[in-house]
Amino acid sequence: MDSTMTNKLIHSEYKEPPEGAVSGIIFSINGPIVKTEGNSGFLMHEMVYVGNEKLIGEVIGLTSQASIIEVYEETGGIKPGELVTGSGSPVSVTLAPGILNNIFDGIERPLSEIAKKDNAYISRGVNVESLDTKKLWDTHITVKKGDRLYHGSVIAHVQETPAILHKVMIPPDKEGTVSEVVNDGKYTINDTLVKIILNDGSTENLSMTQHWPIRIPRPVLKRFPASVPLITGQRILDTLFPLAKGGTAAVPGGFGTGKTMTQHQIAKWSDADIIIYIGCGERGNEMTQVLEEFSELTDPKTGNPLMDRTSLIANTSNMPVAAREASLYSGLTLAEYYRDMGYDVAIMADSTSRWAEALREISGRLEEMPAEEGFPAYLASRLSSFYERAGMVQNLNGTEGSVSIIGAVSPQGGDFSEPVTQNTKRFVRCFWGLDKNLAYARHFPAIQWLTSYSEYLNELAPWYTEMVDKKFVDYRNQLVYLLGREASLMEIVKLIGADVLPDDQKLVLEISKVIRIGFLQQNAFHKDDTCVPMSKQFKMMDIILYLYQKAKSLIHMGMPMSILKEDGIWDKVISIKYDIPNDKPDMFDEYKKDVDRFYESVIEKNA
Amino acid sequence: MSVEYLGLSSINGPLAVLEGVKGAAYDEIVEMDVKGSQKRLGRIIEINNDKAVIQVFEGTDGMALRNTRTRLTGHPMRIGVSTDMLGRTFNGIGHPIDDLGPVNYDKLLDVNGKPLNPVSRKYPRNYIRTGISSIDGLTTLIRGQKLPIFSGNGLPHDELAAQIVRQASLGDNAGNGDDFAIVFAAMGVKHDVADFFRRTFEDSGVSSHVAAFINLANDPVVERLITPKAALTLAEYLAFEKEMHILVILTDMTSFAEAMREVSSSKGEIPSRKGFPGYLYSELASIYERAGIVKDINGSVTQIPILTMPNDDITHPIPDLTGYITEGQVVLDRDLNAQSVYPPVSILPSLSRLMKDGIGKDYTREDHQDVANQLFSSYARVQDARALASVIGEDELSDTDKIYLVFGKEFEERFIKQDSDENRDIFKTLSIGWQLLGLIPRSELDRIDTKILDKYYVPTSINSDNEIVAVEKDNMRL
């Protein structure tokens, strides 16, 4: 990465092209793809301004006959003969305070600013700055004259939102000695805060702002293996199929199975410091909902509005397709920037299938040879380079941070054998498969426990043993075992009915029902059930398994299941999720006594 | 801009290629003069140097390489809009065809519209009462929503749409009649269907509030690509500039998608699934996303697109991609239709995504969500019981499963089924729901909050007159 390149003021706001900027003449237009004549001297992935309206585009192919450019806005009205001007730098995002509690389009243009300029609709060629350059931020300088700064060193602190302290860093490709600092005070993101003398003796002015090309991962010192789970408050995720901080997960499911709902729940309740929510080719109303809801909801940890730790990237399905392709990378780069400050960042990408379809659409316009189902052959490598940017890392400045990626997949026809799901499965380690039949029965979250998996289980086991309970992993495995048994018994029940099963197998069915309804099913609209702490999740498992053990010994004594079922204890355990508030774990003791009473009473009645 | 180009270099299906053009813009509209008499419109869909590929809306019949004069208009496809368009009928590209003379246009608008800024949208929350239990109770329609009807050939989707129009427009939630209007777009429909809707509008007395854009099955295919966009342009104008509540009915989206495939294939594009172009999703989205509510504007665009699933296959690309864009779907079922259940709404795959925020205490009634969840859940159990019964016979079923079989039958007969002019209010719908749930033992009802059960649950049974009555006192009817 050429250091002069990142330092230039480049964001989506149009600036007069630099001296000697190259340009080309358009001769062909087809949807979002335009071509300019001859070898115009553009760089691969350079950001360019297309046509008289200066629409933003990116160079995606170069031959001696033509430069191929994808345009991030509607191309209607462009004529052959109009000019494409280079910007001299790759498509980048602006990184500075003001990213959080904000909503951007796929190339980091703030939608609220566009709304001010352009009322309700988004027109083409809108000229807005990515971040507010007028706003004065309370800045505390953390370095002094003579300090030696290395890649990524923190030079100042800015309270970006009440929840998040923004650490201003020097760009990852610079180091030098501080020659001058300003006093603490109020500064804009473009004011010079610190002057440093680089190794080659030249002086560099540092402000809060950095620019980083979206397609290049920000460098790190080293990567750590997974060791800490991303706690989401969702029982089926935290207990059965946990995701590690810095891990990757895919949520595939047909329409109506609850992908977006799952993403919303994680974005709301997970214990990540920062959430980057990318609405990629999805519904406009959904983004509006996130915006409205997250502004009202408060973060259980800090008591601040959830938006204070959230940044939204909205490229809805009717916005230009090329920007949809870029939106995932923009989001990733923002996430990596906050990771560099030492935060745990979680990315919700909803949905990666729309992104893959954008690739397909552009590939089709380029008349590339299609591979499976019309997707380009490079689909797999693009997906892998996306998911591989996740990780728990040590940053250049020594802090530790993580980027976790949760990608929704919308398989065509709900069929998981299609290319996007299959290729995604190769690169993620957590698979939360949503099931149509569960959704039809309104069992939410409709994550199918038999097909889902998490490869992080073993790596996270020490954490659960230490932080929750030493029996946690064992209990979790017992639940999974019972559910598996239930599935194989159901095969028999489907053929001959449940009545003919022996009592111990009937008990498995009964207790599995308790697990399914009382534990796995979770009500996102219930104030307690929407997010459940680990301790309660463990205690719920504890009671369910305790009930199972007691009932099992009754069955061994020869008591028929029909008598056991008469007791109200089953329904009582099922509704624990509603009846015990999250902050009253003591109430579980009562339930244990109830199970004992149930045990005694059955024996008494039938002795 | 009055340069005319004589002749064409090739014609292929609905596409014509013109060479030697100067100053043509992508997506620009051209006027073509065929044989000096007919005027046709075309749209430039690809430009390569001086070669422009033109999509001819009225079809290329009668065009020869020599007899056509082409003139660039310098603007994208536009239609004139005004409130005078209500009560009128237009062809697929917005020209009046009802012999009532020209329309006075307030302004000309680009039919492609512009994406609504998510920041400017308002999240839809007000429900529209359709008077149909399966919709109001289980897949509630919300003002500003896009809720398609997934149907098949021979199923009564038109009747259902017509009933929604009649009852939603005349219901108590329509406000005063002036700010409510319907924009109806027919793409590739049969004469009979177009006629059916026209009669429906007339019979229910709303025809002065309807603007119809009609592209019949034998009208040019390319025109179909513009029809929904023209209709939605008018809808957006009426909703967001004139502050009206607009219900848009689009039928049949399958014809629209097939027209796209036809044009794409003439253009020689690389097909993706089932021969449809790779941009089918984006194109469908650019239509469906034009529904919603804008902040600080007292108007709304609600869409009910109708599509026929080829071979009743819900995984076919058209219903599949539609389901990913729209906010739910109402799926019609052939088996229910065969049992003469009208409307044959297959409730399990049907869904309204906006329902959860538009029902409940402040909107309909506190128990609405719970009742809906329980009905869905119990009806899913019915399917299991039926599957089991088909293997081992009904007699061998457990008592609980037998109860579910009864519940399933009664649910279809009493809740889903209703007359095509029966307008049930939400309380009636919910009370039928509770009667049916009363057939099931209370311990089986695991989706309902205990407090709600205490308040509403009454065990019921079916008496000799085939009525559902409360169980304790046989003479007391619910």
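Please read all numbers here as calculations on a predicted model, not as lab measurements.

Draft legend 1. Quick peek at the UniProt feature "domain: ATP synthase A/B type C-terminal" (unreviewed entry) in chain B. The positions UniProt marks with the feature "domain: ATP synthase A/B type C-terminal" (unreviewed entry) are residues 357-457 of chain B. Along residues 357-457 of chain B one finds 63% helix and 0% strand; the C-alpha atoms at either end are 24 Å apart.

Draft legend 2. Broad picture of the sheet that holds strand E13 (residues 176-181) of chain A. All names here are of chain A. The strand order E10-E13-E15-E16 describes an open sheet built from four strands, whose pairing is antiparallel. Each having just a single partner strand, strand E10 (148-149) and strand E16 (203-206) make up the two edges of the open sheet. Pairing geometry for strand E15 (residues 194-198) and E16, over four bridges, is antiparallel. Paired with Lys195 across the two strands is Asn205, which belongs to E16.

Draft legend 3. Structural view of the UniProt feature "domain: ATPase F1/V1/A1 complex alpha/beta subunit N-terminal" (unreviewed entry) in chain B. The sites that carry the UniProt feature "domain: ATPase F1/V1/A1 complex alpha/beta subunit N-terminal" (unreviewed entry) are, in the present numbering, residues 9-64 of chain B. From the first C-alpha to the last, residues 9-64 of chain B spans 10 Å; its make-up is 0% helix and 55% strand.

Draft legend 4. Highlighting the domain arrangement of chain A. Residue and element names in this part refer to chain A. Per the domain assignment, the segments of chain A are domain 1 (3-90), domain 2 (137-208), domain 3 (222-454) and domain 4 (472-606). Between domain 2 and domain 3, the contact holds 11 residues from the first and 11 residues from the second. When the residues that make up the side of domain 2 that touches domain 3 are grouped by side-chain class, the tally is six nonpolar, four polar and one charged.

Draft legend 5. View of the interface of chain B and chain A. On the side of chain A, 62 residues touch chain B, which itself brings 62 residues to the contact. Secondary structure elements with two or more residues in the side of chain B that touches chain A: strand E5 (38-48), strand E11 (121-122), helix H6 (280-288), strand E16 (292-294), helix H7 (317-325) and helix H10 (368-392) of chain B. Counting residues per element, the side of chain B that touches chain A draws most heavily on H10(B), at eight residues. Of the strand pairs in this sheet, strand E1 (residues 23-30) of chain A and E5(B) are connected by two bridges, and their pairing is antiparallel. Of the residues in E5(B), the one forming a bridge with A:Ser28 is B:Asn48.

Draft legend 6. Expanded view of the sheet that holds strand E12 (residues 165-169) of chain A. All names here are of chain A. Pairing is antiparallel across the open sheet formed by four strands, whose spatial order is E12-E11-E9-E14. Only two strands of the sheet have a single neighbouring strand rather than two, namely E12 and strand E14 (185-187). In this sheet, neighbouring strand axes are inclined to one another by 40 degrees on average, regardless of whether the strands run parallel or antiparallel. By the bridge criterion, three bridges tie strand E9 (residues 137-141) to strand E11 (residues 154-159) in an arrangement that is antiparallel. Along E11, the bridge assignment pairs His140 with His157.

Draft legend 7. Main features of the confidence of the model for chain B. Residue and element names in this part refer to chain B. Looking at chain B, pLDDT values average 90 and 96% of them are 70 or higher. By mean pLDDT, the top-scoring element of chain B is strand E12 (residues 149-151) (96), and the lowest-scoring one is helix H2 (residues 157-170) (85). Confidence drops under a pLDDT of 50 for residues 474-478, and excluding neighbours within four residues, the segment shows 12 contacts in the predicted structure.

About the criteria used
Residues numbered from 1 in each chain as written. Chains lettered and ligands numbered in written order. Predicted model: local features only at pLDDT ≥ 70, side-chain atom pairs only at ≥ 80, totals over all residues. UniProt positions renumbered as here; feature names shortened; annotations may be inferred. Helix = DSSP H or I, 4+ residues; strand = E, 2+ residues; numbered from the N terminus. Pairing = 2+ DSSP bridges. Domains from an automatic or database assignment. Contact = placed C-beta atoms within 7 Å. Nonpolar A, V, L, I, M, F, W, Y, C, P; charged D, E, K, R; others polar. Axes fitted to C-alpha atoms, helices over the stretch in contact; angles between N-to-C directions. pLDDT = per-residue confidence, 0-100.

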